[in-house]
Amino acid sequence: MKETIIVDTSVIVQYLKTGKGVLPIAYEKYNMVISIATYTELLASRTFEDANLEKEVKDFVDKYFNVVEVNKTLADEAAKVIRNTEVSLAVSYVAATAMQKGYSVLTEDKGNFSGIKGLNFVEI
Amino acid sequence: MYKNKDGKVIASLTEVKNKTGDIFAIVDEFGEIALTSYNKVRYKIVKVDIENSVEINNDGPEVKVATTEKKRLTTPKLEEREEVEAIEETTEETVDEIVEQEVPQEEVQPVAEKVPEEPAEVKLFPRTIEIQEWNRDGKEERQFSLNAIRPLIS
């Protein structure tokens, strides 16, 4: 059974922009989830004012990722992360999801998560 | 040296050595001769159309022998007599034959180099798109976090 990891926004954006990156390898090796915050960050781009493009990327997300929504417990954890490290709301949700579910994080920018204790990262 | 009833020229090695001198001159003359020793045919020498050549290639010499016999020269008068021993009776003897022979040329199939195949990478999205991604480190995000952690009651 494949391990489940949480994929950060940066990994998906890099793949969509360049067609390169670790995402295909991660897909082969892991079950992939994203935080609802990543979903929002991804679709927040003005690129997706194009409805067709927006649908295409939504289909892509639905096909390859499970989206983990935020519940009250996870929101509590995210609030603690922000309080302790002053990271952005999206990062706090990704980190809180990883900690709550026991997922390792796949990211292109570990610096976003600096100072957050208890996270494991996927190296590909 | 004589010609048998089948028209074959039979000569003893001694005759060749003592009388003729040059075995190849006889072969040139008759096309084919059988050489006897102790009354048994031990050798045959065949004149072939001389276009033989040896080409040196990477796999070793390749002998090309023409298959068309050269038109025989006028045969000198030779006595005809019965052979003392039939040639067939000598088959158990070692008979070295120089025969015309096509050397089969083996076709060397080029061996394609095996290139280790790289597993094809899964294509998750059919093309690239230009995304102006949300900047999570931007001023607004940063300000949100700073505001969020500010004490609600001062």
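Owing to the predicted nature of the structure, the values given are computational and were not obtained by experimental measurement. (Residues numbered from 1 in each chain as written. Chains lettered and ligands numbered in written order. Predicted model: local features only at pLDDT ≥ 70, side-chain atom pairs only at ≥ 80, totals over all residues. Heavy atoms only, no water.)

1. Let's talk about the overall build of chain B
From N to C terminus, chain B includes three helices and seven strands. Moving toward the C terminus, one meets the helices and strands of chain B in the order β-β-α-α-β-β-β-β-β-α. Sorting the 154 residues of chain B into buried and exposed places 24% on the buried side. Within chain B, residue pairs in contact and separated by at least 24 positions form 50% of the contacts whose partners lie at least 6 positions apart. (Helix = DSSP H or I, 4+ residues; strand = E, 2+ residues; numbered from the N terminus. Buried < 20%, exposed > 50% of the residue type's maximum accessible area, 1.4 Å probe, protein only. Contact = heavy atoms within 4.5 Å.)

2. Focus on the packing of aromatic side chains
Overall, the coordinates contain five aromatic pairs over all chains when judged by the stated rule. Between Phe60(A) and Phe125(B) the ring centres are 5.4 Å apart and the planes differ by 75 degrees, which places this aromatic pair in the edge-to-face class. Taken as a pair, Phe60(A) in helix α4 (residues 51-64) and Phe125(B) in the loop between β7 (96-97) and α3 (139-149) lie in two separate chains rather than in one. With a relative accessible area of 3%, Phe60(A) lands in the buried category. The cationic tip of Lys2(A) hangs over the ring face of Tyr27(A); the distance from NZ or CZ to the ring centre is 5.9 Å. (Phe/Tyr/Trp six-rings, centres within 6.5 Å; stacked < 30°, edge-to-face > 60°. Lys NZ or Arg CZ within 6 Å of the ring centre and 35° of its normal.)

3. So, the interface of chain B and chain A
For an interface, size is often stated in terms of accessible area lost upon the parts coming together. Across the contact, 22 residues belong to chain B and 33 residues belong to chain A. When chain B packs against chain A, close to 2500 Å² is buried across both sides, 58% of that on carbon and sulfur atoms. The partner of Glu133(B) in a salt bridge is Lys17(A), and the shortest N-O contact between them spans 3.2 Å. At the boundary of chain B with chain A, the tally comes to ten residue pairs in polar contact (both at pLDDT 80 or more). Taken together, the residues of the side of chain B that touches chain A break down into ten nonpolar, three polar and nine charged. (Buried area = accessible area lost by both parts, 1.4 Å probe. Salt bridge = Lys/Arg side-chain N within 4 Å of Asp/Glu carboxyl O. Polar contact = N/O pair within 3.5 Å; in protein donor to acceptor, adjacent residues only side chain to side chain. Nonpolar A, V, L, I, M, F, W, Y, C, P; charged D, E, K, R; others polar.)

4. Some points on the sheet that holds strand β2 (residues 30-35) of chain A
Residues and elements named next belong to chain A. Strand order in the open sheet formed by four strands is β3-β2-β1-β4, and the pairing between neighbours is parallel. The sheet terminates laterally at β3 (66-68) and β4 (104-106), the two strands that pair on one side only. In this sheet, neighbouring strand axes are inclined to one another by 40 degrees on average, regardless of whether the strands run parallel or antiparallel. Two elements, strand β1 (residues 3-7) and β2, share four bridges in a ladder whose sense is parallel. Paired with Glu3 across the two strands is Tyr30, which belongs to β2. (Pairing = 2+ DSSP bridges. Axes fitted to C-alpha atoms, helices over the stretch in contact; angles between N-to-C directions.)

5. Description of the environment of Val46(B)
One can find Val46(B) in strand β4 (residues 40-46). With 15 residues separating them along the chain, Val46(B) and Gly31(B) place their C-alpha atoms 5.9 Å apart.

6. Points about the side chain of Ser10(A)
All names here are of chain A. With respect to the secondary-structure elements, Ser10 resides in helix α1 (residues 9-18). Engagement of the side chain of Ser10 in a polar contact is seen with the side chain of Thr107, the distance being 3.3 Å. Not counting the four nearest positions on each side in its chain, Ser10 is found in contact with Thr107, Glu108 and Asp109.

7. Looking at the packing of helix α3 (residues 36-43) of chain A against α4(A)
All names here are of chain A. At a closest axis distance of 11 Å, the pairing of α3 and α4 adopts a crossing angle of 155 degrees. If you check the angle between α3 and α4, you find them roughly antiparallel. When the axes of α3 and α4 are compared, the crossing they make is right-handed. Taken together, the residues of α4 that come into contact with α3 (itself represented by Tyr39, Leu42 and Leu43) are Glu54, Val57, Lys58 and Val61. (Parallel < 35°, antiparallel > 145°, perpendicular 65-115°, else oblique. Left-handed = near helix turned anticlockwise from the far one by under 90°.)

8. Quick notes on the pattern of salt bridges
The full count for this structure, using the stated rule, is eight salt bridges over all chains. In this structure, the salt-bridge partner of Arg127(B) is Glu56(A), at a minimum N-O distance of 2.3 Å. With one member in each of two chains, Arg127(B) in the loop between β7 and α3 and Glu56(A) in helix α4 form a pair that bridges those chains. On the basis of relative accessibility, which here comes to 38%, the residue Arg127(B) falls in the partly exposed class. Since its relative accessible area comes to 24%, Glu56(A) is described here as partly exposed.

9. Some points on the pairing of β2(A)
Residues and elements named next belong to chain A. Counted residue by residue, β2 has five buried out of six residues, so it is predominantly covered. For β2 and β3, the ladder comprises three bridges, and the chain directions are parallel. Its bridge partner being in β3, Ile34 is matched across the sheet by Val67.

10. Some remarks on α1(A)
All names here are of chain A. Counting buried positions over the ten residues of α1 gives seven, a clear majority of the element. Of the residues making up α1, those classed as buried are Thr9, Ser10, Val11, Ile12, Val13, Tyr15 and Leu16. Structurally, α1 contributes buried residues whose contacts are with β1, α2 (23-29), β2, α3, α4 and β4. Gly19 sits one or two positions beyond α1 and adopts a positive phi of about 75 degrees.

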